[in-house]
Amino acid sequence: MSDSEEHHFESKADAGASKTYPQQAGTIRKNGHIVIKNRPCKVVEVSTSKTGKHGHAKCHFVAIDIFNGKKLEDIVPSSHNCDVPHVNRTDYQLIDISEDGFVSLLTESGGTKDDLRLPTDEALLTQIKDGFAEGKDLIVTVMSAMGEEQICALKDIGPKN
């Protein structure tokens, strides 16, 4: 290889970390997270059946998609591994709401994040719009998992100075 050759790599700003990690089905509990049908979900109910004639106890999971609220179910042998999503929550200060439904958020490093839409949850949506219209300082909590992000909570830290 000569020094005149240049190498160009496509940068996707991803360290290659997995979006999920494996966990034995028998160890996943209520209020934990699980991936069902390629969607990150929060477990609302777990029931385990006894070992049958051919040996595997089964776990029956009822879970709700953390982004769209749909109910999903899955049955997995308790000794097998399930995918569990890495779920992160981050707080940002709300700077602006654009007419097309996107929000402008202030990150901890001082930059802005402009790629998030307003939440689809009606109650949260009206709280954010009303609070912003009144000129309050609002902190929104953004939940991210498996490459998706959504505003999931709101904190009012008082009026703007």
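Conventions adopted
As a convention, each chain's residues are numbered from 1 in the sequence order in which they are written. A pLDDT threshold of at least 70 governs which residues receive local features in this predicted model, and a stricter bar of 80 or more applies before side-chain atom pairs are shown or counted, although totals over entire chains, interfaces and linings include all residues. Just so you know, side-chain values use all the structure's heavy atoms and leave hydrogens and water out. UniProt positions are given in the numbering used here, feature names are shortened, and annotations may be inferred rather than shown by experiment. Exposure is judged per residue with a 1.4 Å probe applied to protein chains only, and the accessible area is read against the type maximum: over 50% gives exposed, under 20% gives buried, and values in between give partly exposed. Numbering goes from the N terminus for both helices and strands, where a helix is a DSSP run of H or I of at least four residues and a strand is a run of E of at least two. Two strands qualify as a pair provided DSSP detects at least 2 bridges between them. Patches here are clusters of residues that have more than 30% relative accessible area and form no salt bridge, with a 9 Å joining cutoff for like charges and a 5 Å cutoff for nonpolar side chains (Val, Leu, Ile, Met, Phe, Trp, Tyr). Calculation of accessible area relied on Shrake-Rupley with a 1.4 Å probe; when residues are assessed, cover is drawn exclusively from the protein chains displayed. When a carboxyl oxygen of Asp or Glu is within 4 Å of a side-chain nitrogen of Lys or Arg, the pair counts as a salt bridge. Charge assignment: positive for Lys and Arg, negative for Asp and Glu; neither His nor the chain ends contribute. By convention, the charge on Lys lies at NZ, on Arg at CZ, on Asp at CG and on Glu at CD. What counts as an axis is a line fitted to C-alpha atoms, over the stretch in contact for a helix, and the angles between N-to-C directions run from 0 to 180 degrees.

- With an unreviewed UniProt entry as reference, the protein is termed Eukaryotic translation initiation factor 5A, source organism Leersia perrieri.
- If you open the UniProt record of the protein and go to Sequence similarities (unreviewed entry), you find "Belongs to the eIF-5A family."

**Considering the pairing of strand E10 (residues 136-145)**
So, point 1. Burial of E10 is extensive: nine of the ten residues sit out of reach of the surface.
So, point 2. As judged from the six bridges shared by strand E7 (residues 88-97) and E10, these two strands associate in the antiparallel manner. Note on E10: the bridge partner recorded for Thr 90 is Val 142.

**Quick notes on a negative patch on the surface**
So, point 1. Together, Asp 96, Glu 99, Asp 100 and Asp 114 make up a negatively charged patch on the protein surface.
So, point 2. Looking at the secondary structure, you find Asp 114 in strand E9 (residues 112-117).

**Considering the sheet that holds strand E2 (residues 33-36)**
So, point 1. Taken in spatial order, the four strands line up as E2-E3-E4-E5 in an open sheet, and their pairing is antiparallel. Where the open sheet ends on each side, the last strands, each with one partner, are E2 and strand E5 (71-77). Taken pair by pair, the neighbouring strands of this sheet meet at an average axis angle of 45°, ignoring direction.
So, point 2. Relative to E5, strand E4 (residues 58-65) is paired through seven bridges, and the arrangement is antiparallel.

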